[in-house]
Amino acid sequence: MSMPVRAALSFVAFSALTLALATPAGAEPTVPDHAVIICDSASFYANYDSSTGPVGLKRTLERGNKVGHTRGAHPVYNGWAATFDFGPNDWGFVRWECLGAFGSW
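The model shown is predicted, which means the values in this text are computed figures rather than measured ones. (Residues numbered from 1 in each chain as written. Predicted model: local features only at pLDDT ≥ 70, side-chain atom pairs only at ≥ 80, totals over all residues. Heavy atoms only, no water.)

Enumeration according to the criterion identifies 1 disulfide in this entry. Through a disulfide, Cys 39 is tied to Cys 98; the S-S separation comes to 2.0 Å. The disulfide joining Cys 39 to Cys 98 has a torsion of about -90° about its S-S bond and is therefore left-handed. Of this pair, Cys 39 sits in the loop between strand S1 (34–37) and strand S2 (41–49) while Cys 98 sits in the loop between strand S7 (90–95) and strand S8 (99–100), placing them 59 residues apart in sequence. The exposure classification of Cys 39 matches that of Cys 98, with both residues buried. (Disulfide = S-S within 2.5 Å. Helix = DSSP H or I, 4+ residues; strand = E, 2+ residues; numbered from the N terminus. Buried < 20%, exposed > 50% of the residue type's maximum accessible area, 1.4 Å probe, protein only.)

Counting across every chain of the model gives 5 salt bridges. When the shortest N-O distance is used, the salt bridge between Asp 90 and Arg 59 registers 2.5 Å. Placement of the pair is Asp 90 in strand S7 and Arg 59 in strand S3 (residues 53–62), with a sequence separation of 31 residues. Taken together, the shared-partner salt bridges connect Lys 58, Arg 59, Asp 85 and Asp 90 into one network. (Salt bridge = Lys/Arg side-chain N within 4 Å of Asp/Glu carboxyl O.)

Okay, structure coming up:
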């Protein structure tokens, strides 16, 4: 077998192995459960840092804003819940106690 053919076969084998290891078997994305902001206003942060808390204020969400969070599947760190804002379609963190009315819309 020629050197270019061996190199091509090695690349194909390496690529297949990489894909197999990168995707867990049966892993399905979790679609956020519909929820509503129930606080008068809630700060919506880009990320959460375990040593400093929420970082990167994106905007303030008002009472009634439609958001998503799946209890038990999406993380909550020290009261800050990973939340999907359906308005601009982006993820961030908001206080857990400001999420409510799950499944109401």
